Amino acid sequence: MTPGEKLCDVYEAGLAYAQKTKPNLVENLVKTYGFAMGIEFRESSLMIGPKCTAVLKKGMIFNVNVGLANLTNKEASDKEGKVYALFVADTVLVNEEPPVTILTGSKKKIKNIGIFLKDDEEDDDEEEDKSSEKAPEILGRGKRSTVLENKLRSEHSAEEKRKQHQKELAQALNEKAKERLAKQGGAKETEKVRKSTVSYKNSNQMPRDAEVKELKLFVDRKYETVIMPIFGIPVPFHISTIKNISQSVEGDYTYLRINFFHPGATMGRNEGNLYFHPDATFLKEVTYRSTNTKEPGEISAPSSNLNTAFRLIKEVQKRFKTREAEEREKEDLVKQDTLILSQNKGNPKLKDLYIRPNIVTKRMTGALEAHANGFRYTSVRGDKVDILYNNIKSAFFQPCDSEMIILLHFHLKHAIMFGKKKHIDVQFYTEVGEITTDLGKHQHMHDRDDLAAEQAERELRHKLKTAFKSFCEKVEAMTKQSVEFDTPFRELGFPGAPFRSTVLLQPTSGSLVNLTEWPPFVIPLEDVELVHFERVQFHLRNFDMIFVFKDYAKKVAMVNAIPMNMLDHVKEWLNSCDIRYSEGVQSLNWAKIMKTIVDDPEGFFENGGWTFLDPESDGEGEEGAGSEESEEDEVYEPTDAEKLGSDEESGKDWSDLEREAAEEDKNNAYRDEERGKPSSKRDRGGRDYDKHKSSSKHSHSSSKSKGGSSDKHHRDRHHDSKKRSRDESRDSGHHRSSKKSSHSSSKSKGGSSDKHHRDRHHDSKKRSRDESRDSGHHRSSKKSRK
């Protein structure tokens, strides 16, 4: 491809080369060998093909590609692999003189580059596209935009694919678990029996000190034994038999109480080996008393022996417990190989690193160096920690992007011992910039010192990242990829609380980790049997995530308080890692579940295995959904009676209803008075008719003392009712304007308002006549009562 050449000549040169070298593949060749890249990505007028006569010029950019289609592989077993295609392309720049400059050069070797395409998804998409083309177009208001339609369809299909994949994983899960348990069936762990602690093997080892002969308390630190006088005989007790001791001073005496481990008492995990003769008589406690008063001629008070014994027993007990704890830690330690030191000065090395967990209480820096078969960390004080390559299960490198530390983390197969404790996770890190900020210091956005500090921090971050990355690459090359450093994918991270605080959990290619906070959280995905989501409910903000391991004897790992909006994100990630997941609305007692499985694994899998975590079976779910839909689809049809009632209620106006209620209440009140019963009816406005009656009762009772005042009272009431009826008739116009509801209803019903007021006026007159008529009746009834 030189300036001045025609594109069709370039094509012919390529075709001629193919015919010369591999004539049998000429039929499979693509029809063009590339295109120019200009304003458009693919300039259709500048194709490297047989018909294009355009001339090449300096500075042109071309995508040069060669492809072979419909190639057959007879050895392939699956139909996808039988027919395949090859295609390779480069972007090139035409120079003044040949050759062209290749702009897509790769730093890696071609054999180390792999691109994997998922055919299943493409096929599904094509099928969906075909089905969408065949479907008749529905026009009108219900038609959605094409973009939204595609979006919904693709989301739905992704969810369906995920569910289908999970069903396949669920079927495979139980089968694999059965096989694994069948292999492990014969191997049962043997309980470790620890040797008993004996004070003296024979009487010759008993100390000959004067205190023993004088029947005083004596602590033998060499044999970790307390010799106590019991019934005039010195008796040795090993320190492991003593549970605790206490001392108290009461008046002139000092008391020392010694409690022993004995059957029936609360025991520690490792105290059961003390009792080889359960039928023997056991000593529960011993109390010694000694006077505090010093007799003439004595150097010290007798109680000083108890004080000394108390101090020495405590000291020996502490030393014994520490040694026991260390031995317990070392019990299941796997013996490591010896580190082979390499004297080569070019060993990969990182300086000024802190180690977590700390070797001692104080934090110290040190250097990490890679040797022939492992790493050695040497602190400034001289402490050494060795990590062998064959003991590393996972190695992680976390850069300082959006973090305040840059670190290397090793998750080990077998725990190692340093700082008198076992550790399965070891981390080496250095801080980037200031983790703490002095808020008292005056800060300004344009302060030169602050700008310089920011620039220095950026440079330090870059420098550290380069140094750590270089170290990792050298170690990988040196160990021939037996140690590979994994980097967490921050963009796939989600918040959760594996321990006390909420942290960012980040997936790596083979694990889920949080390495910034301590203690670290590392879950290797190859160890995970399944994941269960708890408390998945719409009204809750968070859910929990449970990791069940393939080793059922191992305690499940739990991550709490993951935001509900991350549920789909987490499901998608687990699905892509081929990990089975399930969900439920309640929290389960996992300790009990795992114990049940371990006790009877065969019975567990016979009853369906892990399917118990799934929600209701598909059949029940569909039936339930169908019944719900049928209930919703049923149309509500009221009966004739209901229709009538509703029409009447809607037709009546508020004032009519109020009038009817008042009349009904009045009739009830009069009826009750005639029967001599009190009435307690209320009208619409909340007025209590009992008050009216109580006032009339009050007036009747006062008539006894005041003679004819009762008659006067009834005449006044009769006069008031007449006056009220006149006022109501006069103010009917004013009442219309004030009562908006009745006014509005009168508009719709024509003259019903006037009629309504006439009715009310007539009722009030009638009521006044009734009251005056009844006044005589009240008087006569009162006389008869007297």
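Below is a short write-up of the structure. (Residues numbered from 1 in each chain as written. Predicted model: local features only at pLDDT ≥ 70, side-chain atom pairs only at ≥ 80, totals over all residues. Heavy atoms only, no water.)

Counting buried residues in strand β21 (residues 503–507) gives four out of five residues, a clear majority hidden from the surface. Bridge count for strand β20 (residues 494–496) against β21 is three bridges, and the pairing is antiparallel. Within the sheet, the bridge partner assigned to G496 lies in β21 and is V503. What sits between the antiparallel neighbours β20 and β21 is a turn of six residues. Where β21 and strand β22 (residues 511–514) come together, two bridges link them in antiparallel fashion. (Buried < 20%, exposed > 50% of the residue type's maximum accessible area, 1.4 Å probe, protein only. Helix = DSSP H or I, 4+ residues; strand = E, 2+ residues; numbered from the N terminus. Pairing = 2+ DSSP bridges.)

Glancing now at helix α9 (residues 590–599). By the burial criterion, the buried members of α9 are W590, I593, M594 and I597. For α9, the angular spread of the buried residues around the axis is 90 degrees, confining them to a single face. Residues of α9 that are exposed and angled more than 90 degrees away from the buried face: A591, K592, K595, T596 and D599. In this structure, the buried residues of α9 make contact with β24 (528–534), β25 (542–549) and α10 (601–606). (Arc of directions from axis to C-beta. Contact = heavy atoms within 4.5 Å.)

Now for the sheet that holds strand β27 (residues 581–583). A sheet is described by the order of its strands in space; here four strands give the open sequence β26-β25-β24-β27, paired in mixed fashion. Every other strand in the sheet has two partners, leaving β26 (557–563) and β27 as the edge strands with one partner each. Ignoring which end each strand starts from, the neighbouring axes of this sheet average 20 degrees apart. Sheet topology places β24 next to β25; six bridges connect them, and they run antiparallel. Counted as the bridge partner of F533 is M545 from β25. (Axes fitted to C-alpha atoms, helices over the stretch in contact; angles between N-to-C directions.)

A separate point is a nonpolar patch on the surface. Taken together, the side chains of I110, I113, I115 and L117 define a hydrophobic patch exposed on the protein surface, amounting to about 490 Å² of accessible area. Relative to the elements of secondary structure, I113 occurs in the loop between β5 (101–102) and α3 (119–134). (Patch = residues over 30% accessible without salt bridge, like charges linked within 9 Å, V, L, I, M, F, W, Y side chains within 5 Å. Areas by Shrake-Rupley, 256 points an atom, 1.4 Å probe, with all protein chains shown as cover. Salt bridge = Lys/Arg side-chain N within 4 Å of Asp/Glu carboxyl O.)

Summarising burial for β25: seven of the eight residues are buried, a large majority. Taken together, the five bridges between β25 and β26 define a ladder with antiparallel strand orientation. What sits directly across from I546, in β26, is M558.

To continue, consider the environment of D220. By the element assignment, D220 lies in strand β6 (residues 218–220). Assessed through its relative accessible area of 10%, D220 is described here as buried. C-alpha separation for the pair D220 and L312, spaced 92 residues apart in sequence, amounts to 9.1 Å. Not counting residues up to four positions away in its chain, the partners in contact with D220 are Y200, P207 and T225.

Quick look at the sheet that holds strand β9 (residues 242–250) now. Spatially, the three strands line up as an open sheet ordered β9-β10-β11, and their pairing is antiparallel. Two strands lie at the open edges of the sheet, namely β9 and β11 (285–291), each paired on one side alone. Averaged over all pairs of adjacent strands, the angle between their axes in this sheet comes to 15 degrees, without regard to strand direction. Direction of pairing for strand β10 (residues 253–260) relative to β11: antiparallel, over a ladder of seven bridges. Residue pairing for β11: T254 is matched across the bridge by S290.

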